[in-house]
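Secondary and tertiary structure notes
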Amino acid sequence: MTTKNKNVHGILAEFRNPKELIDAAEMVKDSGYNNFDTYAPFPIHGMEKAMGLKDSLLGWIVLAGGLAGMIGALALMIWVMGYEYPLNISGKPYINIPVYVPITFEMTVLFAAFAATFGMFALNKLPRFHNPLFNVERFKKASDDGFFICIEASDDLFSENEVSKLFTDSGATHIETVYDSE
Amino acid sequence: MSKNYEYVPEPKLIKGDHTFGSITNLIAKTPLSSTPKLWYLAFAVANLLLIILLGSVGYLIWDGIGIWGLNNPAGWGWAIINFVWWVGIGHAGTLISAILFLFRQGWRTAINRFAEAMTIFAVMCAGLFPAIHVGRIWVIYWVFPIPNQMGVWPNFSSPLLWDVFAVSTYFTVSLLFWYVGLVPDFATLRDKAKSKAAKITYGIAALGWTGSFRNWWNYEKAYMILAGLATPLVLSVHTIVSFDFAVSLIPGWHSTIFPPYFVAGAIYSGFAMVLSLMLVARKIYGLEEIMNIDIMEKMNLVMMVTGNLVAFAYLTEGFVAWYSGYIYEQGIFWLYVVGPYAWGFWILMFCNVITPQFLWSKSIRRNVTLTFIISIIVNIGMWFERFMIAVVSLSTDFMPSSWDYYSPTLWDILIYVGTFGLFFTFFLLFLRFMPMVAIAEVKGVMPQADPHNYDEETNDFIEARAEPTMANQQTVQQKSE
Amino acid sequence: MSDEPNTTYWKSLNELAQNEEYKKFAEREFPENAPELSDGFSRRTFLRMMGASVALAGFAACRRPVQKILPYSKQPENIVPGIPNYYASAMPFQDALTGLVIENHEGRPTKVEGNEMHPASLGSTSKFNQAATLNMYDPERSREVRQNGDVASYAAFVSFCNQHFSDTGRNIAFISEANSSPTFNDLKDRALSQFPNAQWVTYEPFGEENALEGTNIAFGQRLRTVNHFDEASVIVALDDDFLNPAAHKNSVQNTKEFTQGRDLETGDDISRLYAVESTFTVTGSNADNRFRLKSSEIEQFVRALGEELSVSGISAGGSNKFTNHEWISELAKDLQNNRSQSILTLGNEHRPELHAAVAAINGALNNAGSTVTYHELPYAENQSNREVFSNIVDGLNDETIDTVVIVGGNPVFNAPADLDMANALNAAEHVIHLSDYYDETSALAQWHVNRAHFMEIWSDGYSYTGAASIIQPQIEPLHAGKSAIEFLNTIITGEKSDGYSLVQKTWQNRISGGFQNGWEQILHDGIASEETYPEVTPSLSGGLGAAMQNGADQNESGEGIELVIRPDSKLFDGRYANNGWLQELPDPMTKITWDNVALMSPKTAEDLGVEAAGLGVAEVDLLTIRANGTQVEIPAWVQPGHADGSITVTVGYGRKGIGNVADAVGVDTYPLRTSQNMLFTEDINVNNTGELYEIACTQDHNSMEGRSLLRQATLQEYRENPDFSQYEEAYNAELPGEEWANEHDADAPLSIFDAIAGKDYPDYQPQWGMTIDLNSCIGCGTCTIACQAENNIPVIGKDEVKNGREMHWIRTDRYFEGDKDNPNAMHQPVPCMHCELAPCEQVCPVAATTHSEDGMNQMTYNRCIGTRYCANNCPYKVRRFNFFNYTDEFLTDGEDPEVIQMAMNPNVTVRFRGVMEKCTYCVQRVNSAKIKTQIETDGSMKPPDGMVKTACQQACPSDAIYFGDLTDPESEVSKTKRNNRNYLLLEELNTRPRTSYMAKVTNPNPQLA
C-alpha cells in the first residue's frame, strides 16, 4: 500500500513505561503543542500536570442532575399528596415532608448517577464508532501494556519532521504516522 | 538509646512476578478462549433451577398467593425473607467498589468486578420477590407514579413504596457503576480478541475507548463521583428495607435499631457470599495470585467486625425489650427464645453469633477451607435472621387470639431454590464472557504503574525501591535492638 | 301454587298492561316445574327480564308469589329496583316461631332481620335465622319429587295419594317434626280422625319431650315451662345451655331477658348465674360461678339440693356425695334468700323424673308463677311420644303398619340407634317422606317429596311463649317444593293443595272483625297478638315422690368415663349440615370449624394420653369410642373447663349424599345414642388410636398473656372502682404518650371526641363509632353469620381455614383465664376498629385504604394490589385477604351456581382474588341512610340516631353492639362512649379506634369463687 494522498491524522509515538510517557508528555506540552493526547492501559498519576489539563467539568453536570432529581421528586410528591389528590391517610398531614425524604434521596442519587455516567461519556465523545488510531496495528497495545503519545495534525505547530524529532529526543521506541483512513 | 525507623512495605497486592502484559493475558484469556466442559455442566444445572423458578412463578400467578404458606397473622413469609436476604447479599459489591474505593483500599481491585457482578444478580433475584408477592401482580405497575385515567397516585408515605424506589435506584446505579468500570476492559478484550464476532461485540461494548488520558481524566472523575454516590446509596438501601419493618408498629419490627443492624447484616452476608464464590472461582480460573490469601483475610476481618455488630444488635434488642417495659416487645422476644419458633432462633444464634468468633484466629482467617465453610454458615444464619424477624413477629403479635403458626409450602421452597438458578445463570455468563477482574484497575495498583518507581536516569523500574502504591499507607514500626 | 295461578291484584295489573315482554317473562317466571330456572336461564337475563317488567308494569315482580302478600314497610306501588322491600314473616324452628323481617330485593329475599314487634325476636335473631337465606338458596336442596329414587312429577304423587289413601282403614304411622302451626295441627287431627288406625309421633332428636313428660309427672299435665330470666336474681342452669339456639328453641328471648337482668346502667344489682354442667357451654361461659359436673351426676346434685332445701319427694337417699358440698349449701342459701326470684332450669335431655324434681324445687321456692311459668300447649299430645315412637317401630318390625308418612325430619339419620329405623322402614310397604334434602331417610322412601323452604310458603304458628304469627312467602318456591301443610293436606284429600287457602281457612275464625283488614294487619305486623299460651298454676301431683323413688336406684354414677351427646352449636341435629356459613362458623367455645370432636377435660385427656392442640399443633389424636355395640372414630379435643371423666360429642356430622358441603365432614355420632341414653351413657370404652387428625381451629392460643385486652371485674370491684377498665387502672401505669400529648401537642388528643374536634372533619358529616358491651355479649357468633350474609363473605372450606385464612369480618375471640382445669371463658367480638390514626393506611403503597370524611377506614377493592402490608400492620388483625379467588369458588361451583348467587346482597361488591377486605361498618347501609337523610332534610348528612344499624348490631340477641354518630352527644353510642366502663383496645398504640369496648362485670358468689 502507498501513503499517497491520505490526510495525516497525527503522529504516534510509543514509550517503554509510564515514567517515560509522563516525561515525554511534559516535553510535548513545553514545546507548545495543544492537540495531543497520551494513551495508556490505566490512568497514570501526575499525567494531568504533565499534560496541563484543566479540572473536569463533570462535577457541575452531576450537581445539575442531582438537583433535578431532588426537586423533581419533592415537587411530584407535594403536588400529588397535597393538591392533586389529597387523601386522609392515617390522619396524617397531607403534606408530610419527613416521609418524602427517602424517595427524594433515592431520586437525587439516581439522577446524579445518570448525569455522572452519561456526562462522562459525553465529555469523552463516546461512544465513537471509528478512531484513526485504530488504523495503527501497534496501538492495540494501548489497552494492554503500551504507552503512547499522539500529536494531532490539527495542531497549529504540527509538522511531521518537528514532531518526529521531538519524539526521538524524548526516547520513543516507535514513531509512526497515523492516517485518517487506510 | 537511639531510635531508628525502617520502612516495612505492605505485602504486595498481586503475588507472583507480573508485568502489565501478563496480567492482561491472565485475565483476558478466560473470555477469549473456548468454553470448558465443566462450565456447560454448571450452566445446565443453573438453567434447570431457573426453569423451576419460572415454572413455580407461573403457577403462582395462575393460582394465587394462596399456594404459599401465608395465613392471617403472617401476611409475609419466605418471599419477603428471600427478598431481604438477596438484597443484603447484594450489598457487598457496591460496598467493595464504592466505599473501599473512597478509603483507597487497593486490595479491592482484585474482587470488585466480581463482587459488583454478584451484587447486580443478587439484586435481580431480590427484586423478583416484591413483584411476585402481591396479590394482583398484573397491576403491580400501580406502585409507580404513572399518570392514569383514575387520577390516583401511589401513597408516598408507605415504606413499601420507598422500597420500590430504593431497590430500583440501587439496581440502576450499581449497573451503571459496573458498566463504567467495564468499559476500559472491554477495550482490552476488543484489542486482544482474535475472532471477528468477539472483536465486534467487545468493540461495541467498549464504545470506542482508546485509553486516551483526556478520557481517563473525566473517567476517573466519574468513577470517583459514582463511588461517592453509591456509598450513601448502599447504606440507604438496607436502611429503607429495614423501614418496611421498623416503620410498622408490630413488636419485633418497630425498632429504631433496625437500620444500622440491617446494614451491618447486609455487609456481613454480602462478604460471606463474595467469599463463597471467590474461593471457588480463584481455584477454577487460576487467579490465586490476584484473589490471594491476604485479600481473603481482609474480607474475613470485615466479616468478623460486621458479624459482631449483628450479634451486638441481637443483645441490644433483648436488652431494650426488657428495659422498655413494653409487654408486647417482651412477649415477642420471649417467644423468639422459647416460643414455637425457638429452633429458628438457636440456629440463628449458632450461625451468626458463634461462628464469626472463630475469625478472631489469624490461622482460620487465612485458611481457605474453613473460611469457605464459615461463609456458607453465615449466609444460612442471615436467612434465619430474616425468618425470625419477618415470620415470628407477625404470627405472634398483639392479639394472642390471632396467633397462628406459619409454615412454608413446597412452592415457597421451589421459588427460593429457583432464584439460585436465576443468580447462577447470570453469574456463569459473567464468568464466561466478561473480565472477572478489573484489568485496568489491577494494573493501576501495580508498583510498575507508579512513575516514581522508576530510576530518574535510566528510566528502569526498580523493584527494590517499590514505594507503597496510592492505596498503601506506610506502616512505621519501632525496631528494637 | 304455581299450578293454576288464580288471577290476582298483581297479575291483573299486567294483563291490563298487555305487553309481550311481560308475557314472555311471566311464562319464564312461573314455570311448570322450577328446575327450568337453572337450565340456560342465566341470572343476567333473569334480572333483565325483571327490570323490563318493572319498567313496563311499574313494579318489581321477580318470582313473586301469586297470592297477595303485604310489604312490611311500604306499599307495593313504591317498589323501586335497587331499593329493597321489607316483609314480615317468621321462621319455624321445631315448634317455635321467631318473627322476622325479610329484606327483599326485587322479589329476591337476601337477608333476614328480627321483627321488633315479635316477643321471640324483639328485633334480634339467632344464627340459625341469619343462616336461613343460605339454606333456601342451597343449590343442593332436593328439587323434585322422587318415586323409588327416580324423578317423578308431583301430579303422579297426588294421584298415588288419591288412590292409596282412599282406603281409610290402613295402618298408617305419621312421623313428624314438632310444629306449632294451628293449620298443621288441625290437619293432624283430621288425619287421625280420617284414618282410625293411624298413629302419630312427633319426634325431635333434641326436643322438649322430657321436659313435657317432667311436668306430666310433677303436675299430671304436659306443660311448657317458660323461664323469665329478666325477673330472676339467681339463675341455676343445670346442664342447660339456654342461651344457645341449638340447645333451647327460645334462645333469642332468653338471651334478651338474661342480658336485661345483667344491665348495669339501671344501677341495681345484676342477676347471678350459676352453671352446673359437664360440657363447657356458652351459658357456662357466661356464668358467675360454674361447677364442672358429669352429666350423670347432675341428678345426685339435684337430689342433694332438693334435700337441702327440704323439698318434699326429693331425697338424696339419706346422703350422697354432694350432701355436704359447699356448692349445695351456698346455692341453697342464695336460693332461699331469693325466693320467687330464682330459676332452676334443667337441660332438655335429662330424664323426665329429674325435670319433675326441678319443677318441684322451683315450686318450693315460689318461683312457679313468677319467674317460672307453665303453659298449656294447644297441640300438646297427651301421651309420651317416646312410647308412641317405640310402638310404631315395633309395629313396623312385625309389619302391622303398611304406610309410613314422614312429615319432615330424618329419622333414619337421627332416631335413637336402638330403634334401627332403616331396618324398620324397610319392613314398611309404603314410605312417604317430605324433606329438604334427598337424605338418608328419603333413600329408603318409596315417595320423596321436596319440601319448600319457609320463605317460600304460607304457614303459621306460635312463638315459644305462644304469640301467633303467619308465615308469608317471600318468593315463588325455587324448586316447586311443598310445605308440610300442603303435603299433609294432599295425603288427606288426595288432591293438590294450596297453602294460602288452607292458612286463610284456619284464620277465618281466629280473626275477629273484618277478616281482610285483620289478615292484612297480621301480615303487616308479622304477629297476630302478644298473647301467650294459657298459663296454668299447677299443683304438685303425688306422682313425684314415687317417680323419684324409681330414680333413686339410678342414683350412684359409675366412676368410669361417661359419654355426653349434645346437639351441635352450628348444625343443631344435622339439619343445617349443608350450610357453609354455619359449617365455617367457629364453635363458640372450641373455635373449631368443619368438624365435630370429642371434648374432654385436660385431666381426662392426660389419662387417655391425648395431646392438646395449640400454636403450631393442628393435629390431634383420633379416639375410638365404643358404645351401644358400635364404635366411631373421632378426633379428641382438650377443652379446659370440661368435667373430668366425661367426654362430649355433638351430632349432625358425617353425612352421606346430602351435598358437597355436608358430606364427609366430621363423624356421625348418632349410632352411639339410644333411647335409653339420649343424653349420656356410662357404658363406653375409649381408646386412643395414636393416629392423628388435623382440625381447622381459628384460635390456637387461649390465654391473653397478661395483656389487658378484655377487661372485667366483679360487681363489687366495679362498685368500688367504676373506672377499673381505664388504661391506668388496667396496667397501673400512665397511658404512654398522654403526658407528652398534653404538654406538647394540643391537637394530638387521645380521646375520640377531642380527635373529632381537633381534626378537619367537615361538620355536615356524621362521625361513625361503635361500642361493644362485653357485659352483654354472650359469644354466640350470630354477628359473624349476620355479617357474612350482609357482606357477601365467601365460604372458603376446611383446608383454607386450616391454613389460617378465615374471612370473617367480625370474629369472636374466646380467652380462658385462671385454673387450666376450671378456667373462666370470656368472649370478645372483634370487628375493624376504624382507627382514626389507622396503621393500615399509611403502609399501603397504592393508597387503597384511606379514611372517609365520616371517619371510616375504607378499603378500595379495585385499587388494592394485595401487598398484605396493611394486614401485617393491623394490631387487631381484622383484615382478611383473598388468597385465592374465594368468591368465584363459592359462587360458581356446582352445576347450578345461579341459585346460590341469588343469596348475595346486591349492594355489596364481591371481592376478587388478591385483594384485602375487612369490616366496613356496613358502609352500604350507612350511605343509603345518609342519602335518604340528605334528600329529606335537604343538606344534612347526619341520619337520626338508630336509622343506621350494622348487620352485626341488628342481629345481636344480647344488644351488645351500639353504632351511631359520635357528633350527636345524645346518640346511644355517644352515651356508651361516656360510660366509665368504656375502654379502647390496645389504647397505648394511639391508633384511636372508633370501635371501643365496655368492660365486663360479673357477679360471682364470693363464697364459691
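Above: the structure in question.
Scope of this entry: the structure provided in the associated data block. All values derive from a computational prediction rather than experimental measurement.

Turning next to the interface of chain B and chain C. Counting residues at the interface gives 59 residues for chain B and 57 residues for chain C. A buried area of about 4,600 Å², summed over both sides, lies between chain B and chain C, and 57% of it is on carbon and sulfur atoms. Of all residues in chain B, Asn72, Arg136 and Met399 of chain B bury the most surface against chain C, accounting for 16% of the area lost on that side. At the junction of chain B with chain C, the criterion picks out 35 residue pairs in polar contact (both at pLDDT 80 or more). Among the residues forming the side of chain B that touches chain C, the class breakdown is 38 nonpolar, 16 polar and five charged.

A few words on helix H14 (residues 368–395) of chain B. Residue and element names in this part refer to chain B. Across its 28 residues, H14 extends 40 Å between first and last C-alpha, which sits within 8% of the 40 Å expected from 1.5 Å per residue. Summarising burial for H14: 20 of the 28 residues are buried, a large majority. Two to three positions downstream of the cap, the backbone nitrogen of Thr369 sits 2.9 Å from a side-chain oxygen, assigning the N-cap of H14 to Asn367.

What follows concerns a nonpolar patch on the surface. Residue and element names in this part refer to chain A. There is a patch of nonpolar side chains on the surface, built from Leu57, Trp60, Ile61, Leu63, Leu67, Met70 and Ile71 and spanning about 710 Å² of accessible area. Inspection of the secondary structure assignment puts Ile61 in helix H3 (residues 58–84). For Ile61, a relative accessible area of 31% translates into the label partly exposed.

Residue Leu126 of chain A is joined to Pro127 of chain A through a cis peptide bond whose omega torsion reads -5°. Residue position: Pro127 of chain A is located in the loop between helix H4 (97–123) and strand S3 (147–152). A positive phi is found at Asn366 of chain C, a non-glycine position, where the angle reads about 60°. Examined against the element boundaries, Asn366 of chain C turns out to sit in the loop between helix H12 (352–364) and strand S13 (372–376). One non-glycine residue, Asn990 of chain C, lies in positive phi territory at about 55°.

Residues and elements named next belong to chain B. Tracing the backbone shows Ala281 in helix H9 (residues 258–284). Separated by 155 residues in sequence, Ala281 and Met436 have C-alpha atoms that sit 9.4 Å apart. In contact with Ala281, other than residues within four places in its own chain, are Phe114 and Gly286.

In this section: the interface of chain A and chain C. The partner chain C presents 11 residues to the seven residues of chain A that form the contact. Interface area for chain A against chain C, summed over the two sides, is near 680 Å², with a carbon-plus-sulfur share of 51%. Summed over the three residues of chain A that lose the most area to chain C, namely Asn88, Ile89 and Ser90 of chain A, the buried surface amounts to 63% of that side. Put simply, chain A and chain C have four residue pairs in polar contact (both at pLDDT 80 or more) between them. Its residues assigned to classes, the side of chain A that touches chain C comprises three nonpolar, three polar and one charged.

On to the packing of aromatic side chains. Counted under the stated rule, the structure contains 106 aromatic pairs over all chains. An angle of 55° between the planes, with centres 5.6 Å apart, marks the rings of Tyr454 of chain B and Phe461 of chain B as tilted. Classification of Phe461 of chain B by relative accessible area gives partly exposed; the value is 26%. Ring geometry for Tyr379 of chain C versus Tyr533 of chain C: centroids 6.5 Å apart, planes at 70°, classification edge-to-face. Pair noted here: Tyr379 of chain C is in the loop between S13 and helix H13 (385–397) and Tyr533 of chain C is in the loop between helix H18 (515–525) and strand S19 (535–536), with a separation of 154 residues, a long-range link. You can call Tyr379 of chain C buried: its relative accessible area is 12%. Positioned above the aromatic ring of Trp507 of chain C is the side chain of Arg510 of chain C, whose terminal nitrogen or guanidinium carbon lies 5.5 Å from the ring centre. The ring of Phe883 of chain C has Arg805 of chain C lying over it, and the distance from NZ or CZ to the ring centre is 4.5 Å.

Here we take up the packing of helix H10 (residues 295–308) of chain C against H12 of chain C. All names here are of chain C. Remark: H10 packs on H12, axes separated minimally by 10 Å, with the N-to-C direction vectors making an angle of 30°. Classified by the interaxial angle, the pair formed by H10 and H12 is roughly parallel. Here the hand of the crossing between H10 and H12 comes out left-handed. Residues Ile298, Glu299, Val302 and Gly306 of H10 touch H12, and the partners they reach there are Leu354, Ala357, Val358 and Ile361.

This paragraph deals with the sheet that holds strand S12 (residues 342–346) of chain C. Residue and element names in this part refer to chain C. Taken together, the four strands give an open sheet; going across it, the order is S11-S10-S9-S12, and neighbouring strands pair in parallel fashion. What marks the edges here is a single partner per strand, and that holds for strand S11 (289–292) and S12. On average, each strand axis in the sheet is tilted by 10° relative to the strand beside it, whichever way the strands run. Bridging between strand S9 (residues 234–238) and strand S10 (residues 272–277) involves five bridges; their strand directions are parallel. Bridge pairing in S10 places Val236 opposite Tyr274. Helix-sheet contacts for helix H11 (residues 326–337) involve S9, S10, S11 and S12, and the interaxial angle to S10 is about 145°. Sheet strands touched by H12: S9 and S12. Its angle to S12, the strand with the most contacts, is close to 180°.

Definitions and cut-offs
- Residues numbered from 1 in each chain as written.
- Chains lettered and ligands numbered in written order.
- Predicted model: local features only at pLDDT ≥ 70, side-chain atom pairs only at ≥ 80, totals over all residues.
- Heavy atoms only, no water.
- Contact = heavy atoms within 4.5 Å.
- Buried area = accessible area lost by both parts, 1.4 Å probe.
- Polar contact = N/O pair within 3.5 Å; in protein donor to acceptor, adjacent residues only side chain to side chain.
- Nonpolar A, V, L, I, M, F, W, Y, C, P; charged D, E, K, R; others polar.
- Helix = DSSP H or I, 4+ residues; strand = E, 2+ residues; numbered from the N terminus.
- Expected span 1.5 Å × (residues − 1).
- Buried < 20%, exposed > 50% of the residue type's maximum accessible area, 1.4 Å probe, protein only.
- Patch = residues over 30% accessible without salt bridge, like charges linked within 9 Å, V, L, I, M, F, W, Y side chains within 5 Å.
- Areas by Shrake-Rupley, 256 points an atom, 1.4 Å probe, with all protein chains shown as cover.
- Salt bridge = Lys/Arg side-chain N within 4 Å of Asp/Glu carboxyl O.
- Phe/Tyr/Trp six-rings, centres within 6.5 Å; stacked < 30°, edge-to-face > 60°.
- Lys NZ or Arg CZ within 6 Å of the ring centre and 35° of its normal.
- Axes fitted to C-alpha atoms, helices over the stretch in contact; angles between N-to-C directions.
- Parallel < 35°, antiparallel > 145°, perpendicular 65-115°, else oblique.
- Left-handed = near helix turned anticlockwise from the far one by under 90°.
- Pairing = 2+ DSSP bridges.

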